[in-house]
Structures are given as structure tokens and as C-alpha cells.
Amino acid sequence: MSDAPRPTQDTVHRLLGTLFPDGGRLEVAPVAEGGDHSTWWAGTRYVLRFALDAPSSARMRREIRLRDLVRQHVGVAVPASLASGEWTSGLTYTLDTRLQGASGDAVDVTAAGEEDLAGLLGGLRAVPAARAETLGLRRTPPRSLDVLRREAGRAAERLGADGEFEPVRLAQFTAHAAAQLAPQPGAVVVHHDLKGEHLTVTPDGRVRGALDWTDAVIGDPAEDIAGLAVAVGSRAAVRAATLAGYGARASLRGLWLARCDTLVRLAERLYGTDGSPLPLLRTQLDRAWEAILLELVTELSDKDPDVS
């Protein structure tokens, strides 16, 4: 990756100039850059994304096709690709519509926004998984909550020693509880990265769009409930999941996936090599560990009503 080409401002202007008569005159600015992509604002209406290696180019092409499929089902906006191709030999780009709203990390979601999230979760259940698979989405097995619980336990002890977390809070999540929350049969299309920065929220707290579908898979719907718990808080996530038709088992599974994940991520940041912003990780921990009444449920039926 060290020798991979990187788009510059000149690269962006030249490409825009080939796409619009006056595209080269649009004001451009970098949005963010990761290990496999580079993203730029182009004027006020567009987002230009560049893949930086062959695998990310393949994911981008798959994402463009997937967004066209899920847009028919979900209740929020999904970016549309207005133009795509290669910006340099073998590496792809897409010029996308810019969605209304700010990052979900910056704006609180209201009750109406929770209904929007319910439309997103419910819509993803309605996407034909077999059709998505033909577009290249892979099927992924559900994670073991018991394995994750033990990993989170080790993280909680280290965090507790430094005053970052009270390990007794995790003690309520026993091996028996983890076994009760084993995944149910059936898999759906899962966004798999529903963190705050991938949700666009308007000032009135409405969720208007979902970004970055490159990590989408066919798998455990509790993963998206977990993502929402980290993005908007456990209470809002569980309410949205309930509105979408998910029962207590799926909601609690998502809740505990989020809680364990946030402990592990914070520990990796403090004691490992993770470079994520520390304030954001602490905020995500607080969101995931919001107390909810559903936690008081100690016995679950063999089958949630949301499982067919």
C-alpha cells in the first residue's frame, strides 16, 4: 500500500472536468481517508470516492450494485452513483449524491428518527438475500457471544484497574445468558457498519440516510442492532428494533454484542495499537451501556416472534 497512488486535488479537478462541463471549477475538499479509500466533497451536491487498491475497487463495484438493490426496500436514503469508472489503471471511483444531514455522531436521534431506523432495519430484512448474494455479498456465520463475553471480561478487568469501567457491570452477563442469546435460524442483508458517521441526521433528529455499504454481508441481524446501540444508544436501538419487528432475543443479542465490542475496542485503544479517537470510544461505550428495561428479562421463549 505504501506505493499505491493517492488522489490529489489536481486529480479530483481533472476527473470532475471530464464528468461535467464546469466540473473542474467545483470547490473540492478532502472528507476522510482510510487505508483503502479516499473521499472528497465536490461542491455542495456530490461526494467523490476513490478506491486505492484492487480489493477495495472490487468492494466499490459491488457496493454500487447493492445500493441500487437495497434502495428499493429501506426507508432512508442511500447514495446513488452518478458516474463510476477507473481513475487510474485498475482502481475505481464513484461520484455519489451527497445526502442531507450531519453525522449521527453529532446530532441526537428523536422518536421520529427511531422510526426511520426501524424502516432501515425492517427494509434490510425485506431485501432478497439470494439476489444480494448474486451481487457478491458473502454469507458470514454469527459470532459466538460466549467467546466475545470472555474476551470482554478480560478487557473489563484491565479497564477497571484504570478506572475506565466497573467490571461488576459485565458480571450480569453470564454464560447462561449468552447461551440464551444464541442466534436464531435465518440470515438477512446486514449493513454491518452502522456507526454514527454512516448515518445522516437532520437538525430535527430524523435519520435521512445510510452511507458506506462496503462492509455489507448476509448474516446476523443482531449485528446491525449492535451498530445502532453504539451509534445512537441502546434505548433508541432497541426501540427501533422493536418497531422493525424484532423480538427480545434479537434485541438483547444486539445489545450485548455492542457492550462487549465497546469494552474490547476501548481496551485495544488504551493497551494495544488501535488508533481510534479515545473520546469517541468512550462515548460509544456509554451509549452501549445505557440501562434498559429489557435487561430485566431473564428467560426467553425458544423462538422469537421475528423468526420464521
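Undergrad: Help me understand the sheet that holds strand β8 (residues 199-201) in this model?
TA: Strand-to-strand pairing in sheets goes through backbone hydrogen bonds, with the strands running parallel or antiparallel. Strand order in the open sheet made by the three strands is β6-β8-β9, with antiparallel pairing throughout. Only two strands of the sheet have a single neighbouring strand rather than two, namely β6 (102-103) and β9 (207-210). Pairing between β8 and β9: three bridges, direction antiparallel. Note that in β9 the partner of V201 across the bridge is V207. Across the sheet, helix α3 (residues 111-126) touches β8 and β9, and the angle it forms with β9 is around 30 degrees.

Undergrad: Mind showing me how you'd approach the packing of aromatic side chains here?
TA: How two aromatic rings sit relative to each other is given by the distance of their centres and the angle of their planes. Counted according to the given criterion, the structure contains five aromatic pairs. Relative to W87, the ring of F50 lies with its centre 5.3 Å away and its plane at 80 degrees, an arrangement referred to as edge-to-face. Placement of the pair is F50 in strand β3 (residues 46-51) and W87 in strand β4 (residues 81-88), with a sequence separation of 37 residues. Across the pair, W87 and F50 agree in class, each one buried. Ring geometry for F173 versus W256: centroids 4.4 Å apart, planes at 5 degrees, classification stacked. Here the residue F173 occupies a position in the loop between α6 (168-171) and α7 (175-180), and W256 occupies one in helix α10 (residues 248-271), the gap between them amounting to 83 residues. As far as burial versus exposure is concerned, F173 and W256 are alike and both buried. Put simply, the rings of F165, F173, W256 and W289 pair up and form one aromatic cluster.

Undergrad: Hey, could you run me through the pattern of salt bridges in this one?
TA: Pairs may arise between side chains of opposite charge once their charged atoms sit close together. Taken as a whole, this structure holds 17 salt bridges when the rule is applied. For R71, the salt bridge is made with D68, and the minimal N-O distance between the two is 2.8 Å. On the basis of relative accessibility, which here comes to 42%, the residue D68 falls in the partly exposed class. Here D116 and R206 are joined by a salt bridge, their closest N and O atoms 2.8 Å apart. Linking D116 in helix α3 with R206 in the loop between β8 and β9, this pair joins segments that are 90 residues apart in sequence. Looking at D116, the relative accessible area reads 9%, which means it is buried.

Undergrad: What is the right way to look at the pairing of β3 in this model?
TA: Within a regular strand, the side chains alternate between the two sheet faces. Here β3 lies mainly inside the structure; six of its six residues are buried. Side chains Y46, L48 and F50 of β3 all project onto a buried face; the interleaved residues V47, R49 and A51 project onto the opposite face, where all are buried too. Two strands pair when backbone bridges link them, and strand β2 (residues 37-42) and β3 are joined in this way by six bridges, in the antiparallel orientation. Bridge assignment links T39 to a residue of β3, and that residue is R49.

Undergrad: What's the story with helix α5 (residues 145-161) in this structure? I'm lost.
TA: Structural remark: α-helix, 3.6 residues per turn; residues separated by three or four positions point the same way. For α5, which comprises 17 residues, the first-to-last C-alpha distance of 24 Å matches the rise-based estimate of 24 Å (1.5 Å per residue) to within 8%. Buried residues along α5 sit in contact with α6, α7 and α10.

Here is what the cut-offs are and how they apply
- Counting restarts for each chain, with residues numbered from 1 along the sequence as it is written.
- Reporting in this predicted model follows two pLDDT cut-offs: at least 70 for local features of residues, and 80 or more for side-chain atom pairs to be given and counted; totals over whole chains, interfaces and linings ignore these cut-offs and use all residues.
- No hydrogens and no water enter the side-chain calculation; it runs on all heavy atoms of the structure.
- DSSP calls a pair of strands paired once it identifies at least 2 bridges connecting them.
- For the purposes of this entry, the term helix denotes a DSSP run of H or I that reaches at least four residues, the term strand denotes a run of E that reaches at least two, and both are numbered from the N terminus.
- Whether two residues touch is decided by their heavy atoms; if any such pair falls within 4.5 Å, the residues are in contact.
- Lines fitted to C-alpha atoms define the axes here, with helix axes fitted over just the stretch in contact, and angles between the N-to-C directions of these axes take values from 0 to 180 degrees.
- Each Phe, Tyr or Trp ring, with Trp reduced to its six-membered ring, pairs with another whose centre is within 6.5 Å; inter-plane angles below 30 degrees give stacked pairs, above 60 give edge-to-face pairs, and intermediate values give tilted ones.
- Exposure classes here rest on a 1.4 Å probe applied to the protein chains alone. A residue is buried below 20% of its type maximum, exposed above 50%, and partly exposed in between.
- Put simply, a salt bridge is a Lys or Arg side-chain nitrogen that is within 4 Å of an Asp or Glu carboxyl oxygen.
- The span expected for a helix works out to 1.5 Å for each residue beyond the first.

Interpretation in functional terms is not warranted from these geometric data alone.
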